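Chain by chain, the residues:
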Amino acid sequence: MQMADIAFGTTDWSKVEATEHKGETGVATWRTRHFGPIRVRMVEYTPGYLADHWCVKGHVLLCLEGELTTELADGRVFVLKPVMSYQVADNAEPHRSSTEVGAKLFIVD
């Protein structure tokens, strides 16, 4: 990831417009900013959320609240709790997320 032409700034995530994205079950609420080709999001999953797709986009993801389960297409499963993160490259390992209790995430991709 090359970060260029981004002036210093701050973001009050409570003032960024929220968009809803339905999962197979539950809802993800995204607050999104774009900085050139870089997308930065604050994402909240409702309890019982299950993604409706296998994602192949690369991310750096930090769990802020709750608990997130990420399943890889090869069957491995990882659980993130607050202050845990994961990183994956574009097209490296298909993954999908779920949460029983809800989760709040900070994601850069």
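## Brief notes about the packing of aromatic side chains
- One pass over the structure, following the stated rule, counts two aromatic pairs.
- Measuring from centroid to centroid gives 6.0 Å for Trp-13 and Phe-106, while their planes differ by 80°, and the two rings are edge-to-face. Within this pair, whereas Trp-13 is found in the segment before β1 (18-22), its partner Phe-106 is found in strand β10 (residues 103-108), the two being separated by 93 residues in sequence.
- Judged by relative accessible area, Trp-13 falls into the buried class, the value being 16%.
- Overall, the relative accessible area of 27% leaves Phe-106 in the partly exposed class.
- When the ring of Tyr-45 is compared with that of Tyr-49, the centres are 4.2 Å apart and the planes differ by 15°; the resulting orientation is stacked.
- On the accessibility criterion, Tyr-45 (14% relative accessible area) is buried.
- The exposure class of Tyr-49 is buried, given its relative accessible area of 7%.
- The ring of Trp-30 has Arg-41 lying over it, and the distance from NZ or CZ to the ring centre is 4.3 Å.

## Section: the layout of surface pockets
- In this structure, the largest pocket spans a volume of roughly 310 Å³.
- Lining the largest pocket are 20 residues, with Trp-30, Arg-41, Tyr-45, His-53 and Cys-55 sitting closest to its centre.
- When grouped by side-chain class, the residues that make up the lining of the largest pocket number nine nonpolar, five polar and six charged.
- Estimates place the volume of the second largest pocket at around 180 Å³.
- Of all the elements, strand β8 (residues 85-88) adds the most residues to the lining of the second largest pocket, at three residues.
- Classifying every residue of the lining of the second largest pocket gives five nonpolar, three polar and two charged.

## A few points about the side chain of His-59
- Topologically, His-59 is positioned in strand β5 (residues 59-66).
- By relative accessible area, which is 8% here, His-59 ends up buried.
- Of the polar contacts made by the side chain of His-59, one reaches the backbone oxygen of Lys-57; its length is 3.2 Å.
- Here the side chain of His-59 touches Asp-109 through a polar contact of 2.8 Å, side chain to side chain.
- When residues no more than four places from it in sequence are discounted, the contact partners of His-59 are Arg-41, Tyr-86, Gln-87, Val-88, His-95, Ile-107, Val-108 and Asp-109.

## As for the nonpolar core
- Ranked by internal contacts, the top residues of the largest apolar core, which has 14 residues, are Tyr-45, Leu-61, Leu-68, Leu-80, Tyr-86 and Leu-105.
- Contributions of two or more residues to this core are made by β3 (38-45), β5, β8 and β10.
- Of the residues forming this core, the biggest block, three residues, is contributed by β10.
- Once you skip the residues sitting within four places of it in the chain, Leu-61 turns out to touch Leu-68, Leu-80, Met-84, Ser-85, Tyr-86, Leu-105, Phe-106 and Ile-107.
- Within the second largest apolar cluster, six residues are counted, among which are Trp-13, Val-16, Val-40 and Met-42.

Rules used in this analysis
- Residues numbered from 1 in each chain as written.
- Predicted model: local features only at pLDDT ≥ 70, side-chain atom pairs only at ≥ 80, totals over all residues.
- Heavy atoms only, no water.
- Phe/Tyr/Trp six-rings, centres within 6.5 Å; stacked < 30°, edge-to-face > 60°.
- Helix = DSSP H or I, 4+ residues; strand = E, 2+ residues; numbered from the N terminus.
- Buried < 20%, exposed > 50% of the residue type's maximum accessible area, 1.4 Å probe, protein only.
- Lys NZ or Arg CZ within 6 Å of the ring centre and 35° of its normal.
- 1 Å grid on protein atoms, 1.4 Å probe; cavity = no way out; pocket = protein on both sides within 12 Å on 5 of 7 lines; lining within 4 Å.
- Points joined across faces, edges and corners; volume = space filled by probe spheres on them.
- Nonpolar A, V, L, I, M, F, W, Y, C, P; charged D, E, K, R; others polar.
- Polar contact = N/O pair within 3.5 Å; in protein donor to acceptor, adjacent residues only side chain to side chain.
- Contact = heavy atoms within 4.5 Å.
- Core = buried A, V, L, I, M, F, W, Y, C linked by side-chain atoms within 4.5 Å.

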